[in-house]
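Here is what each chain is made of, one letter per residue.
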Amino acid sequence: AAPAPAAGGAAGASGAAAAAAAAGQTVPARKQAKNGLTVQRQRKPGDPAGGEPVEVQLELELPAALQKQLLAQYDEMHDEGRCVALPRRPNVAQLLQGYVGYVRDKQGEAQAEEDLVMGLQVYFDKALYQCLLYRPERQQAQQALAAGQAPSAVYGAEHLLRLFVKLPELLPPTGAPEEQLQLLLQRMEDLLVYLQHQASKIFAPLSEYVPFSSFAAPAAGVGAVHDGGWGKAAKQQLLR
């Protein structure tokens with residue numbers, strides 16, 4: 001006899017899972033969000049409620065004040081054709097070391113934070129050209145980094161925020177223990193709170209932004225600025 005048509009919707013998914021379990025196959029559970037981590041669990045046949053985590057993906061949301069910083073940058077570029085001047089002081093490397101010093105003064109020890117910021121600085125240097133620049137900023141970057149400086153020595157808090165928005169995409173799902181990733185998430189959240197408290201010292205005023213024409217970038221206009229994902233993500237988070 002011909003096989004019966006597959007049932008649609010949730011009933012179909014449930015039936016497929018039951019059939020896989022009956023056949024002795026491992027059944028992947030639906031993803032669930034937990035404290036900033038998305039956990040993909042693997043269930044054994046006959047154990048619908050349990051399961052071991054096999055993939056954990058970091059989820060990181062910026063505080064509202066930092067999301068507004070990202071939106072202000074985007075609006076200044078999109079509407080006024082202006083972006084932050086380079087080089088920035090403090091730069092990314094100085095900001096991250098400032099956080100380590102802050103933790104060390106508070107706790108007396110900051111080795112875990114030192115390891116964290118070293119990793120973030122490496123990610124920043126590698127990711128800048130890949131996904132942290134708007135199109136009109138690319139020529140500015142070529143000029144600012146022409147002498148071979150690391151991006152983290154030239155760029156500042158404005159672009160560091162973009163890294164945090166993109167970080168969940170840059171960090172692949174991992175099989176590391178949830179407890180370990182939860183500690184990592186907590187340290188990142190602590191760093192973001194630190195940046196928020198330092199906002200008046202680390203973000204350039206919009207009045208000090210420079211026009212695209214100052215570094216011979218493409219003409220400003222609606223078509224000249226393409227959001228790399230951080231502006232859209234910030235808007236979505238603010239509207240939740």
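Residues numbered from 1 in each chain as written. Predicted model: local features only at pLDDT ≥ 70, side-chain atom pairs only at ≥ 80, totals over all residues. Heavy atoms only, no water.

## Concerning the packing of aromatic side chains
Within the structure shown, the criterion is met by four aromatic pairs. Centroid distance Tyr102 to Tyr194: 5.2 Å. Interplanar angle 35 degrees. Geometry classified as tilted. Linking Tyr102 in helix 3 (residues 92-107) with Tyr194 in helix 7 (residues 178-197), this pair joins segments that are 92 residues apart in sequence. Classification of Tyr102 as partly exposed rests on a relative accessible area of 36%. Ring pairing ties together the aromatic residues Tyr99, Tyr102 and Tyr194, which thus form one cluster. (Phe/Tyr/Trp six-rings, centres within 6.5 Å; stacked < 30°, edge-to-face > 60°. Helix = DSSP H or I, 4+ residues; strand = E, 2+ residues; numbered from the N terminus. Buried < 20%, exposed > 50% of the residue type's maximum accessible area, 1.4 Å probe, protein only.)

## Regarding the nonpolar core
With 42 residues, the main nonpolar core has Leu160 and Phe164 as its most contacted residues. Mapped onto this core, the elements with two or more residues apiece are helix 2 (64-80), helix 3, helix 4 (111-131), helix 5 (137-144), helix 6 (157-170) and helix 7. Excluding its chain neighbours within four sequence positions, the residues that come into contact with Phe164 are Leu60, Leu62, Leu120, Leu191, Leu192 and Leu195. (Core = buried A, V, L, I, M, F, W, Y, C linked by side-chain atoms within 4.5 Å. Contact = heavy atoms within 4.5 Å.)

## Observations regarding unusual backbone geometry
For the bond from Leu86 to Pro87, the omega torsion is 0 degrees, close enough to zero to count as cis. Residues Arg89 and Pro90 are joined by a peptide bond in cis, for which omega reads 0 degrees. Note on placement: Pro90 falls in the loop between strand 5 (82-83) and helix 3.

## So, the side chain of Ser152
Along the chain, the position of Ser152 falls in the loop between helix 5 and helix 6. Among the polar contacts made by the side chain of Ser152, one reaches the side chain of Gln121 at a distance of 3.3 Å. When neighbours within four sequence positions are excluded, Ser152 is seen to be in contact with Asn91, Val92, Ala93, Gln121, Phe124 and Asp125. (Polar contact = N/O pair within 3.5 Å; in protein donor to acceptor, adjacent residues only side chain to side chain.)

## Points about the pattern of salt bridges
Overall, the coordinates contain six salt bridges when judged by the stated rule. Among the ionic pairs, Arg162 bridges to Glu137, the shortest N-O distance being 2.7 Å. A residue pair is termed long-range when its members are at least 10 positions apart, and Arg162 in helix 6 and Glu137 in helix 5 qualify at 25 residues. In this structure, Arg162 and Glu137 share a single accessibility class: buried. Where Lys166 meets Glu169, a salt bridge forms, and the shortest distance between an N and an O atom there is 3.7 Å. In this pair, Lys166 and Glu169 both sit in helix 6, three residues apart, roughly one turn of the helix. Given the relative accessible area of 10%, Lys166 is considered buried. Among the residues examined, Glu169 registers a relative accessible area of 60% and is labelled exposed. (Salt bridge = Lys/Arg side-chain N within 4 Å of Asp/Glu carboxyl O.)

## Observations regarding the environment of Val122
Along the chain, Val122 falls in helix 4. For Val122, a relative accessible area of 44% translates into the label partly exposed.

## Things to note about the packing of helix 2 against helix 6
Viewed as axis vectors pointing N to C, helix 2 and helix 6 meet at an angle of 115 degrees, and their least axial separation amounts to 10 Å. Judged by the twist between their axes, the crossing of helix 2 over helix 6 is left-handed. Together, Leu66, Gln69, Leu70, Gln73 and Met77 of helix 2 and Glu158, Leu161, Arg162 and Val165 of helix 6 make up the contact between the two elements. Residue composition of the contact of helix 2 with helix 6, by class: five nonpolar, two polar and two charged. (Axes fitted to C-alpha atoms, helices over the stretch in contact; angles between N-to-C directions. Left-handed = near helix turned anticlockwise from the far one by under 90°. Nonpolar A, V, L, I, M, F, W, Y, C, P; charged D, E, K, R; others polar.)

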